[in-house]
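Descriptive analysis of the structure
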Protein chains: 2
Amino acid sequence: MDATPRTHIIGAGLIGASIGLGLRAAGWTTTIADVSANAERLAWDIGAGMPLGDDAPELVIVAVRPSDTGDVVAKALATWPGALVTDVASVKAPVLDAARAVGAADRYVGSHPMSGREVSGGLAAQSDLFSARPWVICQGEAPRSAVAVVASVAQALESDVVEMEASAHDAAVARVSHAPQVVASAAAAALGPLGADDVALAGQGLRDVTRIAGSPPAMWADIARLNRHAIVATLDHIIGDLEDVREADDIGEALTDLIARGNLEVARIPGKHGGRTREWRGVTVIVPDTPGQLVRLLTDAASVGANVEDLSIEHSPRQPVGLTTLYVEPASAPPLVEALERAGWTVAAS
Amino acid sequence: MDATPRTHIIGAGLIGASIGLGLRAAGWTTTIADVSANAERLAWDIGAGMPLGDDAPELVIVAVRPSDTGDVVAKALATWPGALVTDVASVKAPVLDAARAVGAADRYVGSHPMSGREVSGGLAAQSDLFSARPWVICQGEAPRSAVAVVASVAQALESDVVEMEASAHDAAVARVSHAPQVVASAAAAALGPLGADDVALAGQGLRDVTRIAGSPPAMWADIARLNRHAIVATLDHIIGDLEDVREADDIGEALTDLIARGNLEVARIPGKHGGRTREWRGVTVIVPDTPGQLVRLLTDAASVGANVEDLSIEHSPRQPVGLTTLYVEPASAPPLVEALERAGWTVAAS
C-alpha cells in the first residue's frame, strides 16, 4: 500500500463529504458513495470524491449513521477482502463487535473524529471540519500497520490523533459528552414551571449549564441506544450524587461535599494544549453593547500583551451594556486591570 | 424621609462594602458596621461608610451571611422602631418570616441583588458590583412607599429592579441558579473514574456544563439549607427526567423527548436585553493561539458591521490554535463569513 491509499468513502453526509473534501485537498485519491443518489451526486459535484470504479479500494471509510455503521462495516469487510476498513461512529465497541462477528477484526480500525458537531452543530460539509480536533483511533485486533494508515487519514485532515481502547472510548464519551447532554437538557427542562419574569433572573451560570440543551435532538437517539450501557452507568453516578443532596439530613454539608468533589474534577479538564488545566483569572469589564466595543476592549488588552485565553459575555437583562469577562494567566491580570482602567474601562471585578 | 435616607449598612463584606461604596459615590450618607472590628475599620477606610453615630438610621441594609440574615433583620427592626429594613440574602422567604415573627413585617422589604458572585465569584468590593444586574425586591407586607425607598437604593447602584413575591423568588432561583449548580457539580464529579487521556476528549459542551462546578463551595451550604424546599423540588424534577432516560425501554426515544423539552426551555432564557431569546448564528473560525489574533478577528468582523452577541473559544488539545465561534444575528452571518474568508481566515463552520 503506498503513502496515500486508494480510499473509498461510504456515506456522503456531513462527515463523509467533509473527509472526502479534506483528503482530496491533501492530494489523496478518493471515491465516495451514498445510498441516496442525490447525496452521492452532490458529493461528486463538490469534489468530495469520484464514483467508485473497477479498482478495489485499499482503505474504506464508513461514514453512515451510528446505528447502521456495524452492518455497513461488516459488508465492506466482506466485499473487499484486501481492504482495511474504518468508520467514524461516535460509539466504538459495537462496531468492533460487528467486525469480529464476520471474522475480519484484523482489517478493522475504529475512528471517532470529534468534529464540531457535538459542539456547535449544523455544520456544512467543509474540508477543515476536523482541523485541530481530537481524532480517536481504536486499534482493536488490527496490526500497527493498519493503525498507521488510519492515522495518516487523521493527519491529512490536521486532526490530533488519540489512541484508545474501544470500550474505554465509549465509557469516556459517555461522561464527557453524552451524559452532560442529558444533564444539561434536564436542567433546562426544570425551568418548565417558571414564568418569563422568573426565567429572566438567569445569569451566565444557567446559560453555560444549558447551552448544549439548545442543540437539536437529531443523532442523540442513535448514540444513546448504542452507548446505553455507559450512559446508564454515568447517570447512575450522577443520580446518586443528586439523591445524596436531596436526601441529606444536612443539605448544606452534602452540597458542599459535592461541589468540592466537582472542583477537583473540573480542574482536570484540559483548557489549553491538553493536560494543562485552566488556572486563568477573570477580569470583568462593563462593555457598551454596540459594535466595535469588544474590539476596543481586546485591543487595549493586547496593548499590555495579555493573551486572552477565554472570554465570556453576559448581556444585561434590560440595559444596553454587557459584562465581558476576559480570562488570562493570573500574572497578567493586575497589569491588565491597570491598563483597562487607564484606557477608561470600568472593571467590575477581577 | 428625604430623597436619600440616612442609611446604615450591617455587614462589611463584599456586598455590604460594595453597596456602601456605590451609595457614597451616588451622594448618599451611609454608615457601616460589622461584627469584625477589622472588617468594619477597613470599610470605613475605603469609604464604604462612616461609623454609626447617635442619629437613628432611616434605612438599614442587612448584608450578612444568609443564615444570620433573619436574626439580624429582626434585631434591626427592634433596635430602630422608625427604620425601614432590607437585606441582600439570596433566599427571601425565611427573612420575611423572621420579620413577621417580630411583628414588624410592615417595615421590612426583601432585596436580592444578583451580583457577579453567582457568576464569576471572588470579586473585590467595588462600587459597580451591581451595575446592569437584576436587583429583586420582595414587597412582602410593607407599603409601596417602602418599596420605593429600597428601589431607590437599587437605582442608585444602577441595578435593574425586578419585583417578585418572596416564595416565587426562592422557587425561581432554585431552578435558575441553585439546582444548576448542583447539577453542574454532579456532572463534573462523574468524571472521577476517567483517566487524563479520557478527560482530554472534553469539548466545549462539557466545559460549558461544568464551568460553575469550578466555583468555590463557600456560601452554598447556607443557601442550600435556607432554600432546601425549593431546591429539593427542583432536584425531584431533574432526577425524575434522568431516571426516565435511565429506565426507558428505548433510551433513544426518551432522550430525544427530553432534549426536545429542553430545547423549548432554553429558548426562553433571555439573551440580550431581557425577554428577547437567543436566536444567534455561530460562525466558527480557526484562530492561531497567539496574542492579538482575537483582536484581528473581531476587527475584521466589525468591518462588516457584525455585532458579536456572544463568543466562545475552544482551545485545541494539542495544537497552538483554537476554534473561536462568533455568535451574531442570523442575517449578519453570511456577510461575516464572506468578509472573514476574504480577510484570510479559515471558517470551520457557520
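Residues numbered from 1 in each chain as written. Chains lettered and ligands numbered in written order. Predicted model: local features only at pLDDT ≥ 70, side-chain atom pairs only at ≥ 80, totals over all residues. Heavy atoms only, no water.

Take the overall build of chain A next. Across its full length, chain A carries 13 helices and 11 strands. C-alpha extents for chain A along the principal axes are approximately 70 × 55 × 35 Å. Relative to its 350 residues, chain A shows a buried fraction of 59%. Expressed as a percentage of contacts within chain A between residues at least 6 apart in sequence, the contacts between residues at least 24 apart total 64%. Accessible surface, chain A as shown: approximately 12,400 Å² in total, 53% of it carbon and sulfur. When the 26 basic and 43 acidic side-chain charges of chain A are each reduced to a single mean position, those positions are 3 Å apart. (Helix = DSSP H or I, 4+ residues; strand = E, 2+ residues; numbered from the N terminus. Buried < 20%, exposed > 50% of the residue type's maximum accessible area, 1.4 Å probe, protein only. Contact = heavy atoms within 4.5 Å. Areas by Shrake-Rupley, 256 points an atom, 1.4 Å probe, with all protein chains shown as cover. Lys, Arg positive; Asp, Glu negative; His and termini not counted. Charge placed at Lys NZ, Arg CZ, Asp CG, Glu CD.)

All names here are of chain B. When you tally the buried positions in strand S5 (residues 108–113), you get six out of six residues, the bulk of the element. Residues Tyr108, Gly110 and His112 point to one face of S5 and Val109, Ser111 and Pro113 to the other, with burial holding for every one of them. Here strand S4 (residues 84–87) runs beside S5; their pairing, made up of two bridges, is parallel. Paired with Thr86 across the strands is Val109, a residue of S5. Read as a crossover between parallel neighbours, the route from S4 over helix H4 (residues 93–101) to S5 is right-handed. Bridging between S5 and strand S6 (residues 134–138) involves four bridges; their strand directions are antiparallel. Pairing of Gly110 across the sheet is with Cys138, part of S6. (Pairing = 2+ DSSP bridges. Right-handed = clockwise from strand over helix to strand, strands pointing away.)

Right, let's talk about the domain arrangement of chain A for a bit. Often, the extent of an interface is quoted as the loss of accessible area upon association of its parts. What the domain assignment reports for chain A is domain 1 (7–164), domain 2 (170–247) and domain 3 (281–349). One C-alpha centre belongs to domain 2 of chain A, the other to domain 3 of chain A; they are set 31 Å apart. (Domains from an automatic or database assignment.)

Take the packing of helix H10 (residues 228–247) of chain A against helix H10 (residues 228–247) of chain B next. At their nearest, the axes of H10 of chain A and H10 of chain B sit 10 Å apart, and the two run at 160 degrees to each other. Of the possible angle classes, the one that applies to H10 of chain A and H10 of chain B is roughly antiparallel. Crossing of H10 of chain A against H10 of chain B: the hand is left-handed. Facing Arg228, Val232, Leu235, Asp236, Ile238, Ile239, Leu242, Glu243, Val245, Arg246 and Glu247 of chain A of H10 of chain A, the residues of H10 of chain B in contact are Arg228, Val232, Leu235, Asp236, Ile238, Ile239, Leu242, Glu243, Val245, Arg246 and Glu247 of chain B. A breakdown of the residues in the contact of H10 of chain A with H10 of chain B according to their chemical character gives 12 nonpolar, no polar and 10 charged. (Axes fitted to C-alpha atoms, helices over the stretch in contact; angles between N-to-C directions. Parallel < 35°, antiparallel > 145°, perpendicular 65-115°, else oblique. Left-handed = near helix turned anticlockwise from the far one by under 90°. Nonpolar A, V, L, I, M, F, W, Y, C, P; charged D, E, K, R; others polar.)

When you line up the elements, Asp198 of chain B lands in helix H7 (residues 196–199). Buried within the structure, Asp198 of chain B lacks any salt-bridge partner; its nearest side chain of opposite charge belongs to Arg268 of chain A, at an N-O separation of 7.0 Å. Dropping the residues within four chain positions of it, Asp198 of chain B is found in contact with Met164, Ala172 and Val176 of chain A. (Salt bridge = Lys/Arg side-chain N within 4 Å of Asp/Glu carboxyl O.)

Turning our attention to the nonpolar core. Core analysis: the biggest nonpolar cluster contains 64 residues, and Ile238 and Leu242 of chain A together with Ile238 and Leu242 of chain B have the highest contact counts within it. Every element with two or more residues in this core is listed here: helix H6 (166–189), helix H9 (220–226), H10 and helix H11 (251–266) of chain A together with helix H6 (166–189), helix H9 (220–226), H10 and helix H11 (251–266) of chain B. Setting aside residues up to four positions removed in sequence, Ile238 of chain A forms contacts with Ala179 and Val183 of chain A together with Ala186, Ala187, Ala190 and Leu242 of chain B. Counting residues in each nonpolar core, the second largest holds 40 residues, with Ala301 and Leu311 of chain A together with Leu326 and Trp345 of chain B among its members. (Core = buried A, V, L, I, M, F, W, Y, C linked by side-chain atoms within 4.5 Å.)

Another point: helix H13 (residues 333–342) of chain A. Residues and elements named next belong to chain A. Inspection of H13 places Ala333, Leu336, Val337, Ala339 and Leu340 among the buried residues, and these make up the whole buried set. Down the axis of H13, the smallest arc covering the buried residues is 165 degrees, so these residues share one side. Exposed and facing more than 90 degrees away from the buried side of H13 are Glu338 and Arg342. In the stretch just after H13, Gly344 is the one whose phi turns positive, near 95 degrees. (Arc of directions from axis to C-beta.)

Between chain B and chain A, the contact holds 136 residues from the first and 136 residues from the second. Around 11,900 Å² of area is buried between chain B and chain A when both sides are counted, 65% of it from carbon and sulfur atoms. Scanning the region where chain B abuts chain A turns up six salt bridges. Put simply, Arg246 of chain B and Asp236 of chain A hold a salt bridge, and the shortest N to O gap is 2.7 Å. Considering each element in turn, the side of chain B that touches chain A owes the most residues, 16 residues, to H6 of chain B. Taken together, the residues that form the side of chain B that touches chain A break down as 72 nonpolar, 35 polar and 29 charged. (Buried area = accessible area lost by both parts, 1.4 Å probe.)

All names here are of chain B. Positioned with a positive phi, Ala132 is a non-glycine residue whose angle comes to about 65 degrees. Mapping Ala132 onto the fold places it in the loop between S5 and S6. Unusually for a residue other than glycine, Glu158 sits at a positive phi of about 60 degrees. Relative to the helices and strands, Glu158 resides in the loop between helix H5 (144–156) and strand S7 (160–163).

Okay, the pattern of salt bridges next. Per the stated rule, a full pass over the model turns up 28 salt bridges over all chains. In this structure, Glu163 of chain A and Arg144 of chain A form a salt bridge, with 2.6 Å as the shortest nitrogen-oxygen distance. Placement of Glu163 of chain A in strand S7 (residues 160–163) and of Arg144 of chain A in helix H5 (residues 144–156) is noted, with a sequence separation of 19 residues between them. Arg144 of chain A gets classed as partly exposed once you look at its relative accessible area, which sits at 45%. Sharing partners across several salt bridges, the network here consists of Asp236 of chain A together with Glu243, Arg246 and Glu247 of chain B.

Below, the discussion takes up the relation of the copies chain B and chain A. Each of the two chain copies can be generated from the other by rotation about an axis followed by a shift along it. In screw terms, the move from chain B to chain A is a rotation of 180 degrees and a rise of 0.0 Å along the axis, fitting with an RMSD of 0.1 Å. Both chain copies can therefore be described as sitting about a two-fold axis. When each C-alpha of chain B is compared by its distance to the rotation axis, Val209 of chain B comes out closest, at 1.9 Å. Both copies present the same face, since 99% of the interface residues in chain B are matched by interface residues at the equivalent positions in chain A. (Least-squares fit on C-alpha atoms with pLDDT ≥ 70 in both.)

A separate point is the sheet that holds S7 of chain B. Residues and elements named next belong to chain B. A sheet is described by the order of its strands in space; here seven strands give the open sequence S2-S1-S3-S4-S5-S6-S7, paired in mixed fashion. Bordering the open sheet on either side are strand S2 (30–33) and S7, each of which pairs with just one other strand. Shown here is a sheet whose adjacent strand axes are inclined to one another by a mean of 25 degrees, direction ignored.

Attention now moves to the sheet that holds strand S3 (residues 59–62) of chain A. Residues and elements named next belong to chain A. Within the open sheet, the seven strands sit side by side as S2-S1-S3-S4-S5-S6-S7. Their pairing is mixed. Strands at the two margins of the open sheet, each flanked by one partner only, are strand S2 (30–33) and S7. Here the strands of the sheet are splayed against their neighbours by 25 degrees on average, with no regard to which way each runs. Examined bridge by bridge, S3 and strand S4 (residues 84–87) share four bridges and lie parallel to one another. Looking at S4, one finds that Leu59 is bridged to Leu84.

Before going further, it helps to examine the packing of aromatic side chains. Residues and elements named next belong to chain B. The tally for this structure, following the rule as stated, stands at two aromatic pairs over all chains. Judged by centre distance (5.6 Å) and plane angle (65 degrees), the ring pair of Phe130 and Trp135 falls under edge-to-face. Side by side, Phe130 and Trp135 carry an identical accessibility label, which is buried. (Phe/Tyr/Trp six-rings, centres within 6.5 Å; stacked < 30°, edge-to-face > 60°.)

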